[in-house]
Amino acid sequence: MIYFLIPILNESENIELLSKNLINCLPEENKYYVFVDDGSTDNSVAVLKKMAVSSSYTILGDGLNHGPGYAFNLGFEWILGHSHHDNDIVITLEADNTSDLTILPNMVSISYMGFDLVLASAYAQGGGFEQTTFLRKILSFGANMLLRFAYDIKVLTLSSFYRVYTITILKEVKKKYSSLIAEPGFISMIELLIKIIRTKGKIIEYPMTLHSSKRIGKSKMKVIKTTLRYLRFLIAGRNTL
């Protein structure tokens, strides 16, 4: 089984295209979609139910906004409780269509070759940014450099949502750390990456172009707030991981 885990926050304008892309992607695979509504105040959930009616899916969430880390952890826990095979995989991605699904068959094939985590990377050779602000590039690059140095991380992309995990590595991380994710915000992806590294997971990056122009509406990430969370994690996180 391939589980798709996708957090949703006010993405009603993006869901129709997202649903069509998900249905057309990996047509030969057995797929299940886990959406976590993180307190949307628009009609995202109603649109999602309408578009996903012919698919196998679950929508989680309590109607409150907790942050992407909370949403991912909730979804991962649901999947771990429902997965029945050690060769299952979990694909996480953004709901705003910035993740390039044309590369997903290659990412899945690489995962089946024995890699515990396949990262879609805009920083890997061959990847890049189609459209983003200079400030966001600088802040992202600087924060990634500091965290890679502090935690001795060899991979280039730390916080991207777009990943392919084996169910086995998620179980191993859960066994070692009790919880997959404790951080509620965007820093959660770095937390989980570090935990996988320290669980000796096999990780590989695959080049991707980040298509920001495909997003309708603004990014949900607050740059300054997230940067401050990066710094807090940099200072305090080393004592908890």
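Just above, that's the structure.
Residues numbered from 1 in each chain as written. Predicted model: local features only at pLDDT ≥ 70, side-chain atom pairs only at ≥ 80, totals over all residues. Heavy atoms only, no water.

A. Local environment of the overall build of the chain. If you tally the helices and strands in the chain, you get eight helices and nine strands. Out of the 241 residues belonging to the chain, those deemed buried represent 53%. In the chain, once contacts between residues fewer than 6 apart in sequence are set aside, the share between residues at least 24 apart is 81%. Entry remark: accessible area of the chain is about 11500 Å², with carbon and sulfur atoms responsible for 57%. (Helix = DSSP H or I, 4+ residues; strand = E, 2+ residues; numbered from the N terminus. Buried < 20%, exposed > 50% of the residue type's maximum accessible area, 1.4 Å probe, protein only. Contact = heavy atoms within 4.5 Å. Areas by Shrake-Rupley, 256 points an atom, 1.4 Å probe, with all protein chains shown as cover.)

B. Examining the packing of aromatic side chains more closely. What the rule picks out here adds up to eight aromatic pairs. When the ring of Tyr-32 is compared with that of Trp-78, the centres are 5.5 Å apart and the planes differ by 20°; the resulting orientation is stacked. Of the two residues, Tyr-32 is situated in strand E2 (residues 31–37) and Trp-78 in helix H3 (residues 68–82); the sequence distance between them amounts to 46 residues. In this pair, the class of Tyr-32 matches that of Trp-78, namely buried. When the centroid spacing of 6.3 Å and the interplanar angle of 20° are considered together, the rings of Tyr-33 and Phe-35 count as stacked. Owing to a relative accessible area of 6%, Tyr-33 belongs among the buried residues under this scheme. Judged by relative accessible area, which is 3%, Phe-35 ranks as buried. Put simply, the rings of Phe-72, Phe-76, Phe-161, Tyr-165 and Phe-186 pair up and form one aromatic cluster. Lys-202 extends its terminal NZ or CZ atom over the ring of Phe-115, reaching a point 5.1 Å from the ring centre. (Phe/Tyr/Trp six-rings, centres within 6.5 Å; stacked < 30°, edge-to-face > 60°. Lys NZ or Arg CZ within 6 Å of the ring centre and 35° of its normal.)

C. Expanded view of the packing of H3 against helix H6 (residues 167–177). Viewed as axis vectors pointing N to C, H3 and H6 meet at an angle of 110°, and their least axial separation amounts to 11 Å. By the angle between their directions, the pair H3 and H6 is classed as roughly perpendicular. For the pair H3 and H6, the contacting residues are Phe-76, Glu-77, Ile-79 and Leu-80 in the first and Ile-167, Leu-170, Lys-171 and Lys-174 in the second. Of the residues assigned to the contact of H3 with H6, the class counts are five nonpolar, no polar and three charged. (Axes fitted to C-alpha atoms, helices over the stretch in contact; angles between N-to-C directions. Parallel < 35°, antiparallel > 145°, perpendicular 65-115°, else oblique. Nonpolar A, V, L, I, M, F, W, Y, C, P; charged D, E, K, R; others polar.)

D. Spatial organisation of helix H1 (residues 12–24). For H1, the complete set of buried residues consists of Ser-12, Asn-14, Ile-15, Leu-18, Ser-19 and Leu-22. Where H1 is buried, its residues meet strand E1 (2–8), E2 and helix H2 (44–51). Leu-26, located one to two residues past H1, shows a positive phi value of around 50°.

E. Just the side chain of Asp-38, in detail. Locating Asp-38 in the fold gives a position in the loop between E2 and H2. Relative accessible area serves as the criterion here: at 6%, Asp-38 is assigned to the buried category. Those residues in contact with Asp-38, other than ones at most four positions away along the chain, are Ile-8, Leu-9, Leu-64, Asn-65, His-66, Gly-67 and Pro-68.

F. Structural view of the side chain of Asp-100. Here Asp-100 lies in the loop between strand E4 (89–92) and helix H4 (104–112). Judged by relative accessible area, Asp-100 falls into the buried class, the value being 12%. Side chain to side chain, Asp-100 and Thr-102 meet in a polar contact 2.6 Å long. (Polar contact = N/O pair within 3.5 Å; in protein donor to acceptor, adjacent residues only side chain to side chain.)

G. Region of the structure containing the nonpolar core. Counting residues in hydrophobic clusters, the biggest one holds 38 residues, and the most contacted among them are Phe-76, Val-90, Tyr-165 and Leu-170. Discounting residues that sit within four places of it in the chain, Val-90 has contacts with Tyr-3, Leu-5, Phe-76, Ile-79, Arg-163, Val-164, Tyr-165, Ile-167 and Leu-170. (Core = buried A, V, L, I, M, F, W, Y, C linked by side-chain atoms within 4.5 Å.)

H. Geometry of the sheet that holds strand E5 (residues 117–121). One open sheet holds the seven strands; their spatial order is E3-E2-E1-E4-E7-E5-E8, and the pairing between them is mixed. The sheet is open, and its two borders are formed by strand E3 (57–60) and strand E8 (203–207), each paired with just one other strand. Along the sheet, successive strands turn relative to each other by an average axial angle of 20°, direction set aside. Two strands pair when backbone bridges link them, and E4 and strand E7 (residues 163–166) are joined in this way by four bridges, in the antiparallel orientation. By the bridge assignment, Val-90 is partnered in E7 with Tyr-165. On the sheet, H6 packs against E4 and E7 and is oriented at approximately 75° with respect to E7. Here helix H7 (residues 188–198) sits on the sheet and contacts E5, E7 and E8; the angle it forms with E7, its principal contact strand, is near 40°. (Pairing = 2+ DSSP bridges.)

I. Structural detail: the environment of Ala-71. Along the chain, Ala-71 turns up in helix H3. A residue is classified by how much of its surface remains accessible, and Ala-71, at 2% relative accessible area, is buried. Measuring from C-alpha to C-alpha, the distance between Ala-71 and Pro-7 comes to 6.0 Å, with 64 residues separating the pair along the chain. Ignoring sequence-local partners within four residues, the contact set of Ala-71 consists of Pro-7 and Val-36.

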